[in-house]
Amino acid sequence: MTTTPTDFDIRRIGGRIGAEITGVDLAGNLDEGILKEVKAALLEHKALVFRNQNLDDEGQLRFASQFGPLTSAHPTVPGIAEQPQILPVDSERGAANVWHTDVTFVQSPPKASTLRGIVIPPYGGNTLIANTAAAYRDLPKPLRDLADTLWAVHTNDYDYAGPKGDDEKRQQYRDVFVSTKYRTAHPVVRVHPETGERGLFIGAFAQTIEGLSTTESKDVLRLLQAYVNRPENVLRVQWNPGDVVIFDNRITQHYAPDDYDTLPRRLNRVTIAGDVPVGIDGSSSRILEGDEAAHYTPATAAS
């Protein structure tokens, strides 16, 4: 089935972030004009929600690939055996209940991430997505001027996630997660390569600020992060099985609250390859440890 323009609608669902797309069957062939509008809506609203799509793995891969080349599942964590580009976001693997932007510890983090609801708990298990451009605009001028000059070191070598309530499994997961250690310096204020917007490019993988002590770094990052997760900058996605969400990973953060007890929860993630972040002075991100993660993503990708 081909979605026609008469079926299509974009409904804004947040004051600063988020829109719901209706009248689109992602399992079918998107009209070229509609695909152009969806891409434009992603740039404008940062996160898009498609309800009741009921895609299979191939359908999710096909949908994501319309936005650009795909990455593998993760630089260090294996994906699904038969689908190495799909990462299961599974409560059995653990809960990443921290604010983060996907895979910022490598030089070329994903352009965008897609999530598909598979197993949804009867309560909790939402995903929060924050607009980091709005957060940057909220900064008082002295803080904004400071942020413009800062570079943060992002790394996967810290206690990020792992199975709940099982120290041995948690350590095993961590060993896999840091099997290759990455440290990358990114601008704290990233210029979006398509819109030119400035956004705070930090999150949980940002562990230190270049030129500052660990304690000073934590204080500065905590201060800036408080603007990202202000309620007015955040969209809360309440999942149903079959829902699909795509968010612009270059200018958002997200968080999955661990509020569903021991109930099962699973989403499948597919990410679109991104480019090397650039700061407001035109300088590009730098690898400090590790490599270009060519096994995971192209060093650069067409927008």
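Per an unreviewed UniProt entry, the protein goes by Taurine dioxygenase and derives from Catenulispora acidiphila. Under the UniProt heading Cofactor (unreviewed entry), the entry covering the protein gives this text: "Fe(2+)".

Before going further, it helps to spend a moment on the sheet that holds strand 16 (residues 252-255). Taken together, three strands build an open sheet; the order of strands is 14-8-16 and the sheet is antiparallel. Two strands in the sheet have a free side with no partner beyond their single neighbour: strand 14 (234-237) and strand 16. Between one strand and the next, the sheet's axes are offset by a mean angle of 20°, whatever the strand orientation. Of the pairings in the sheet, the one linking strand 8 (residues 127-131) to strand 14 comprises four bridges and is antiparallel in character. Bridging from a neighbouring strand, Thr127 pairs with Val237 of strand 14.

On to the nonpolar core. Among soluble globular proteins, nonpolar side chains are generally buried collectively. Within the largest apolar cluster, 26 residues are counted, with the highest numbers of intra-cluster contacts made by Val24, Leu26, Leu48, Phe50, Phe63 and Ile246. When contributions to this core are tallied by element, the ones reaching two or more residues are strand 3 (19-22), helix 1 (32-45), strand 5 (47-50), helix 2 (57-65), strand 15 (244-248) and strand 17 (266-272). Ranked by residue count, the leading element in this core is helix 1, at five residues. Once you skip the residues sitting within four places of it in the chain, Leu48 turns out to touch Ala19, Ile21, Val38, Ala41, Leu42, Val244, Val245 and Ile246. In terms of nonpolar packing, the next biggest core, distinct from the first, is built from 21 residues, Ala130, Ala135, Ala206 and Ile209 among them.

Once that is clear, we can look at the environment of Glu37. Its place among the elements puts Glu37 in helix 1. According to the relative accessible area criterion, Glu37 is partly exposed, its value standing at 41%. A C-alpha to C-alpha distance of 32 Å links Glu37 and Gly124, two positions 87 residues apart in sequence. If sequence neighbours within four positions are ignored, Glu37 has contacts with Phe8 and Ile10.

Right, let's get into the environment of Ser283. Among the structural elements, Ser283 can be located in the loop between strand 17 and strand 18 (286-289). Among the residues examined, Ser283 registers a relative accessible area of 28% and is labelled partly exposed. C-alpha separation for the pair Ser283 and Glu194, spaced 89 residues apart in sequence, amounts to 16 Å. With sequence-adjacent residues up to four places away left out, Ser283 is seen in contact with Trp151, Pro277 and Val278.

Moving on: the pairing of strand 5. Of the two faces of strand 5, the one carrying Ala47 and Val49 and the one carrying Leu48 and Phe50 are both buried. Pairing analysis gives two bridges linking strand 3 to strand 5, with the strands arranged parallel. Following the sheet pairing, Ala19 is matched in strand 5 by Leu48. Sheet topology places strand 5 next to strand 15; four bridges connect them, and they run antiparallel. The residue bridging Val49 from the neighbouring strand is Val245, located in strand 15.

The rules we used
- Residues numbered from 1 in each chain as written.
- Predicted model: local features only at pLDDT ≥ 70, side-chain atom pairs only at ≥ 80, totals over all residues.
- Heavy atoms only, no water.
- UniProt positions renumbered as here; feature names shortened; annotations may be inferred.
- Pairing = 2+ DSSP bridges.
- Helix = DSSP H or I, 4+ residues; strand = E, 2+ residues; numbered from the N terminus.
- Axes fitted to C-alpha atoms, helices over the stretch in contact; angles between N-to-C directions.
- Core = buried A, V, L, I, M, F, W, Y, C linked by side-chain atoms within 4.5 Å.
- Buried < 20%, exposed > 50% of the residue type's maximum accessible area, 1.4 Å probe, protein only.
- Contact = heavy atoms within 4.5 Å.

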